[in-house]
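Chain by chain, the residues run as shown.
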Amino acid sequence: MTTNNSISYYQGRFSVAPMLDWTTRHCRYFHRQFTKHSLLYSEMITAPAILNAKYDLLHFEKAENPVVLQLGGSDPKQLAKCAKLVEQCGYTEINLNVGCPSDRVQNGMFGACLMAKPELVLDCIKAMKNEVSIPVTVKHRIGIDDLDSYAFLYDFIQKLQPVCNDFIIHARKAWLSGLSPKQNREIPPLDYERVYQIKKDFPHLNISINGGIKTIDEIKQHLNFVDGVMVGREAFQNPALLGHIDNVLFDSSAPIITPIEAIEKMFPYIERQLSQGVFLNHIVHPILNTFQSCRGAKQWRRHISENAYKKGAGIEVIETALNFVKS
Ligand SMILES: Cc1cc2nc3c(=O)[nH]c(=O)nc-3n(C[C@H](O)[C@H](O)[C@H](O)COP(=O)(O)O)c2cc1C
């Protein structure tokens, strides 16, 4: 971590979490309108999906950068091949998913179950790092099942630290059976102190914290103890939060982007996507939540939900919906 006065320029000082089906390229483009400095994560893409894909799963617009491509997998050779492709495509970083507890992911032997196999994670990271010069990072939980002591977490990081400098820690453990992925984001209790302790014990590593963080004040509070904060659901459900990040966390003097401005800044992008054959319905998911509890917010949502899926739906759907919140 480098510091300049009180400002940290650590790349992951603030990031928007990887979220399957949510942090699509359209979502990232939208979030980027609010914040230039935040690190944005892709959804998890598995190594076999990338290698077998009939179309290009890695395609993204460079204007979304800095973007981290999150990989799922546990085969070092496959991951190394993917890492090379990810770097060639122009992503800023690569992240390995060691936190997802879904059955599908466990059956593929990756995600959170890899916390029990630090030697394999080490091989995966090594293999990727041999192929690329961009950073390779790990996102994981504080534990899994009964492997949930501080000593277990310490040991996991201790084993990886020779090859990995950046850890993003979701501050709750995961139960690998019995809970759905959604329940695994809500039921196991958050333990922020444990993440803070990791930073104390490994001061040379970049440690980011994740889980249940919702406000700018909370983000600032965590940054007293760790290097970075990752926010997931709140960023998606209340994207206006992102409009404050550059100003407050990166000391930017650029004006705060309002939700209406962010939507208007999306127009050329949306037009471009439509002209390339993308359906409006596929683009609008991340913008539906843009207006929270303000006048016209319900009509905004309703108008888009009722019209974006229609054949030939175009930018006029968004323009009309915007009038509800502008008036
Ligand atoms: C819809 C959804 C999809 C998610 N997909 C992923 C994923 O692909 N990879 C991953 O590491 N975490 C995934 N997560 C977990 C988030 O990255 C994050 O760790 C979790 O939501 C806790 O952060 P939060 O409380 O700020 O939302 C997902 C979460 C949600 C809500």
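Above this note sits the structure.
Because the structure is a prediction, the values reported are computed rather than measured.

(A) Here's a closer look at the pairing of strand 5 (residues 67-72). Strand 5 sits mainly inside the fold: 6 of its 6 residues count as buried. Burial along strand 5 is two-sided: Val67, Leu69 and Leu71 facing one way and Val68, Gln70 and Gly72 facing the other are all buried. Sheet topology note: the strand 4 (residues 39-46)/strand 5 ladder contains 5 bridges and is parallel. Within strand 5, the residue paired with threonine 46 across the bridge is glycine 72. Of the pairings in the sheet, the one linking strand 5 to strand 6 (residues 93-98) comprises 4 bridges and is parallel in character.

(B) The packing of aromatic side chains, seen in detail. Throughout the structure, instances matching the rule amount to 8 aromatic pairs. Arranged with centres 3.9 Å apart and planes meeting at 15°, the rings of tyrosine 29 and tyrosine 269 form a pair that is stacked. Here tyrosine 29, found in helix 1 (residues 25-34), pairs with tyrosine 269, found in helix 11 (residues 259-275); they are 240 residues apart in sequence, far enough to count as distant. For tyrosine 29, a relative accessible area of 12% gives the class buried. Using a relative accessible area of 1% as the deciding quantity, one classes tyrosine 269 as buried. For the ring pair tyrosine 150 and tyrosine 154, a centre distance of 6.3 Å and an interplane angle of 55° mean the geometry is tilted.

(C) Local environment of the site of the ligand. In the vicinity of the ligand there are 17 residues, among which Pro18, Gln70, Asn210, Gly212 and Arg233 approach most closely. At 2.8 Å from an oxygen atom of the ligand is found a main-chain nitrogen or oxygen belonging to proline 18. In the environment of the ligand, an oxygen atom lies 2.9 Å from a nitrogen or oxygen atom belonging to the side chain of lysine 139. Computed on the free molecule, the ligand has an accessible area of 610 Å², of which 92% lies beneath the protein chains in the complex. Grouping the amino acids of the shell around the ligand by side-chain chemistry returns 7 nonpolar, 7 polar and 3 charged.

(D) Geometry of the environment of alanine 83. Among the structural elements, alanine 83 can be located in helix 3 (residues 76-89). Judged by its relative accessible area of 0%, alanine 83 falls in the buried class. For alanine 83, the contacting residues outside a window of four places in its chain are Leu71, Ile94, Met128 and Val132.

(E) Highlighting helix 1. Most of helix 1 is tucked away, with 9 of its 10 residues classed as buried. Every buried residue of helix 1 is listed here: His26, Cys27, Arg28, Tyr29, Phe30, His31, Arg32, Gln33 and Phe34.

(F) View of the pattern of salt bridges. All told, the structure shown has 11 salt bridges when counted by the stated rule. A salt bridge links lysine 84 to glutamate 131; its shortest N-O distance comes to 3.8 Å. Taken as a pair, lysine 84 in helix 3 and glutamate 131 in helix 5 (residues 118-131) lie far apart in primary sequence, 47 residues in all. Given the relative accessible area of 40%, lysine 84 is considered partly exposed. Residue glutamate 131 is classed as partly exposed on the basis of its relative accessible area, which comes to 35%. The shortest N-O distance in the salt bridge between lysine 326 and glutamate 264 comes to 2.7 Å. Of this pair, lysine 326 sits in helix 14 (residues 315-326) while glutamate 264 sits in helix 11, and the two are 62 residues apart along the sequence. Taking relative accessible area as the criterion, glutamate 264 reaches 33% and is therefore assigned partly exposed. One connected set of salt bridges, linked through shared partners, spans Glu119, Asp155 and Lys159.

(G) Here's a closer look at the nonpolar core. Residues Ile219, Trp300 and Ile318 are the most contacted members of the largest nonpolar core, which totals 101 residues. Residues within four places of isoleucine 219 in sequence aside, it is in contact with Phe14, Ile213, Val229, Val231, Ile245 and Leu249. Of all hydrophobic cores here, the second largest spans 6 residues; its members include Ala17, Tyr41, Val68 and Met230.

(H) Inspection of the packing of helix 3 against helix 5 at higher detail. Here helix 3 crosses helix 5 at 35°, and the two axes come no closer than 8 Å. The way helix 3 lies across helix 5 gives a crossing that is right-handed. Judged by residue contacts, Pro76, Leu79, Ala80, Ala83, Lys84 and Glu87 of helix 3 engage Leu120, Asp123, Cys124, Ala127, Met128 and Glu131 from helix 5. Its residues assigned to classes, the contact of helix 3 with helix 5 comprises 8 nonpolar, no polar and 4 charged.

(I) Expanded view of the environment of alanine 235. Within the secondary structure, alanine 235 is located in helix 9 (residues 233-237). On a C-alpha basis, the gap between alanine 235 and leucine 249 in space is 15 Å, while along the polypeptide they are 14 residues apart. In this view, alanine 235 contacts Val16, His31 and Leu242; residues no more than four positions away in its chain are not counted.

Here is what the cut-offs are and how they apply
Residues numbered from 1 in each chain as written. Predicted model: local features only at pLDDT ≥ 70, side-chain atom pairs only at ≥ 80, totals over all residues. Heavy atoms only, no water. Buried < 20%, exposed > 50% of the residue type's maximum accessible area, 1.4 Å probe, protein only. Helix = DSSP H or I, 4+ residues; strand = E, 2+ residues; numbered from the N terminus. Pairing = 2+ DSSP bridges. Phe/Tyr/Trp six-rings, centres within 6.5 Å; stacked < 30°, edge-to-face > 60°. Near = heavy atom within 4 Å. Polar contact = N/O pair within 3.5 Å; in protein donor to acceptor, adjacent residues only side chain to side chain. Areas by Shrake-Rupley, 256 points an atom, 1.4 Å probe, with all protein chains shown as cover. Nonpolar A, V, L, I, M, F, W, Y, C, P; charged D, E, K, R; others polar. Contact = heavy atoms within 4.5 Å. Salt bridge = Lys/Arg side-chain N within 4 Å of Asp/Glu carboxyl O. Core = buried A, V, L, I, M, F, W, Y, C linked by side-chain atoms within 4.5 Å. Axes fitted to C-alpha atoms, helices over the stretch in contact; angles between N-to-C directions. Left-handed = near helix turned anticlockwise from the far one by under 90°.

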